[in-house]
Amino acid sequence: MFPSFSPTPLLMIDTLTIPTQRTTASRLPEVDFDQLEFGKTFADHMLVVDYQNGEWQEPQIVPYGDMTVSPANSALHYGQAIFEGMKAYKNQDGEIFIFRPQDNLSRLNASAERMCMPAVPEEIFMQGLSQLIRLDAEWVPNFTGSALYIRPFMFATDGMLGVRPSDSYRFMIITCPVGLYYNKPLRVRFEEKYVRSAEGGAGFAKNAGNYGAAMYPTKLAQEEGYNQLIWTDASEHKYVEESGTMNAMFVIDGRLITPALSTSILDGITRRSVLQLAHDWGMPVEERKVSALEILAAHAAGTLQEAFGVGTAATIAPISVIGYQGEDFTLPTAPADAFSHRVTAALAAIRSGEATDTHGWMVRVQS
Ligand SMILES: *Cc1c(COP(=O)(O)O)cnc(C)c1O
């Protein structure tokens, strides 16, 4: 949904010096890197930049911590808030690389446009990212499967209750070290009543409201013993949209099938990467509508080989059970050479530097 971007520079060079206030008491010594729970431990610093009077002000790096906002800010009342999610990795030589950050910037700005928010300039985003991560370099773990999760976000800051786009905004980046994500195969079920987003809505944008509205139907499914939902389209409840907050993929008879992008589907960077690798390997790829009935028919015929969700947090999350109208369908266990295993390993090898990064996905942070 967002425009393709120019080729990425492989090394981010400083072109801007961001004023930095360093913490006087690093929390690093207290962190147990073996017990990281996703999104709970934050690195020492954060990037903050305000948009006022039609202009982005000077960015700053400050110690991570609470901040003050107007109780009338329209992010709190009307959901003018967007975010991104990406990861930085450390290789065996201690060099730090970020996976496809330009794609996150493009998507952030596509989300911003949909929510009437100002675009974040490339220089602020990329320089902010690289200088913040360099400062917190010791927070980037380097054991297998670990990464520094990066959360850029923007929200309205006007203290004014009128329902209209705010005049002022804050863009920030916070980061969290994360450990190996244990991909316990998921139990999912088709959702035929509630919708995540409709055609013409804002499902393609990473705006806060999409996630709040998904919590209730997800909670209902969890009470029934599922981990998450497979959302279906808003008009007919027939076609697969996404799986939880991941893009959904299926391998049927050796073909990789995933819903085509639309205004109701998030254009995942993991999705793009997995499709690219499938193309590279000569695997037939189909981006099109895929119905619940097609999945069940393939299961019945024994041709549904794999189903999985793809996204930054988990990379590839295999699905073991699919529920539909009260019945559970169990997928066969994927063999060691299954596509989902090969693509997980290939992405891990590119990120750790063990495999050649032929697509120029890894952008190095200057040390
Ligand atoms: C972020 C997100 C994804 C995955 O996108 P990635 O760029 O691969 O992390 C998929 N679906 C939804 C709804 C998301 O918010």
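All values derive from a computational prediction rather than experimental measurement. (Residues numbered from 1 in each chain as written. Predicted model: local features only at pLDDT ≥ 70, side-chain atom pairs only at ≥ 80, totals over all residues. Heavy atoms only, no water.)

A few points about the packing of aromatic side chains
And then number 1: Counted by the stated rule, this structure contains 12 aromatic pairs.
And then number 2: When the ring of Phe38 is compared with that of Tyr149, the centres are 5.0 Å apart and the planes differ by 65°; the resulting orientation is edge-to-face. Remark: Tyr149 occurs in strand β8 (residues 147-156) and Phe38 occurs in the loop between β1 (11-12) and β2 (45-52); sequence separation between them is 111 residues.
And then number 3: Take Phe38: its relative accessible area is 41%, and that puts it in the partly exposed class. (Phe/Tyr/Trp six-rings, centres within 6.5 Å; stacked < 30°, edge-to-face > 60°. Helix = DSSP H or I, 4+ residues; strand = E, 2+ residues; numbered from the N terminus. Buried < 20%, exposed > 50% of the residue type's maximum accessible area, 1.4 Å probe, protein only.)

As for the site of the ligand
And then number 1: The environment of the ligand is made up of 14 residues, and the closest members are Lys206, Tyr211, Glu242, Thr270 and Thr312.
And then number 2: Between the ligand and the protein, one listed contact pairs an oxygen atom with a side-chain N or O atom of Lys206 at 2.7 Å.
And then number 3: Here a nitrogen atom of the ligand sits 2.5 Å away from a polar atom, N or O, in the side chain of Glu242.
And then number 4: Within the complex, 95% of the 380 Å² of free accessible area of the ligand lies under protein.
And then number 5: Those elements that place two or more of their residues in the shell around the ligand are β13 (246-252) and α5 (269-280).
And then number 6: Considered class by class, the residues forming the shell around the ligand number four nonpolar, six polar and four charged. (Near = heavy atom within 4 Å. Polar contact = N/O pair within 3.5 Å; in protein donor to acceptor, adjacent residues only side chain to side chain. Areas by Shrake-Rupley, 256 points an atom, 1.4 Å probe, with all protein chains shown as cover. Nonpolar A, V, L, I, M, F, W, Y, C, P; charged D, E, K, R; others polar.)

Some remarks on the pairing of β13
Two faces belong to every sheet, and in a regular strand the side chains alternate between them.
And then number 1: The buried fraction of β13 is high, at seven of seven residues.
And then number 2: In this structure, strand β12 (residues 240-243) lies alongside β13, joined through two bridges in antiparallel fashion. If you follow Glu242 over to β13, its bridge partner there is Asn247.
And then number 3: Strand direction decides the pairing type here: β13 and strand β16 (residues 304-311), joined by six bridges, are antiparallel. Looking at the pairing, Phe250 lines up with Ala307 of β16.
And then number 4: Pairing between β13 and strand β14 (residues 255-258): three bridges, direction antiparallel. When the sheet's bridge partners are listed, Ile252 is paired in β14 with Arg255.
And then number 5: What sits between β13 and β14 in their antiparallel hairpin is a turn of two residues, with Asp253 showing a positive phi close to 55°. (Pairing = 2+ DSSP bridges.)

Side note on helix α2 (residues 101-114)
And then number 1: Along its 14 residues, α2 runs 20 Å from first to last C-alpha, staying within 8% of the 20 Å computed at 1.5 Å per residue.
And then number 2: Burial analysis of α2 places 12 of its 14 residues in the buried class, the great majority of the element.
And then number 3: Among all positions in α2, only Pro101, Gln102, Asp103, Asn104, Leu105, Ser106, Arg107, Leu108, Asn109, Ala110, Ser111 and Ala112 are buried.
And then number 4: Among the residues trailing α2, Cys116 stands out with phi positive, at a value near 60°. (Expected span 1.5 Å × (residues − 1).)

A closer look at the nonpolar core
What tends to happen in soluble globular proteins is that the nonpolar side chains get buried as a cluster.
And then number 1: Core analysis: the biggest nonpolar cluster contains 54 residues, and Ile98, Phe125, Ile133, Met154 and Phe171 have the highest contact counts within it.
And then number 2: Here this core gets seven residues from one element, more than from any other, and that element is helix α3 (residues 122-135).
And then number 3: Apart from the residues within four sequence positions on either side, Ile98 is in contact with Met12, Met86, Lys87, Ala88, Leu129, Ile133, Ile150, Trp361, Met362, Val363 and Val365.
And then number 4: Among the nonpolar cores identified, the runner-up in size contains 26 residues, and Tyr149, Leu277, Met283 and Ala346 belong to it. (Core = buried A, V, L, I, M, F, W, Y, C linked by side-chain atoms within 4.5 Å. Contact = heavy atoms within 4.5 Å.)

Points about helix α7 (residues 339-352)
And then number 1: Counted at 1.5 Å a residue, the expected span for α7 with its 14 residues is 20 Å, and the 20 Å between its end C-alpha atoms agrees.
And then number 2: Positive phi appears at Gly353, one or two residues downstream of α7, with a value of about 90°.

Let's talk about the UniProt feature "modified residue: N6-(pyridoxal phosphate)lysine" (unreviewed entry) in the protein
And then number 1: Using the residue numbers shown here, the UniProt feature "modified residue: N6-(pyridoxal phosphate)lysine" (unreviewed entry) corresponds to Lys206.
And then number 2: With respect to the element layout, Lys206 can be found in the loop between β10 (186-191) and α4 (208-223).
And then number 3: The class of Lys206 is buried, set by a relative accessible area of 14%.
And then number 4: The residues touching Lys206, leaving out its near neighbours within four places in the chain, are Ala81, Ile82, Phe83, Glu84, Gly85, Arg107, Ser111, Tyr211 and Leu266. (UniProt positions renumbered as here; feature names shortened; annotations may be inferred.)

Quick look at the domain arrangement of the protein
And then number 1: Taken domain by domain, the protein comprises domain 1 (28-180 + 360-364) and domain 2 (186-334).
And then number 2: Averaged C-alpha coordinates put domain 1 and domain 2 at centres separated by 27 Å.
And then number 3: Contact with domain 1, which involves 19 residues of that partner, is made by 19 residues of domain 2.
And then number 4: Across the domain 1 to domain 2 interface the summed buried area is about 1,500 Å²; carbon plus sulfur atoms make up 64%.
And then number 5: Its largest share of buried area at the contact with domain 2, domain 1 owes to Phe83, Arg107 and Arg114, together 37% of the area lost on that side. (Domains from an automatic or database assignment. Buried area = accessible area lost by both parts, 1.4 Å probe.)

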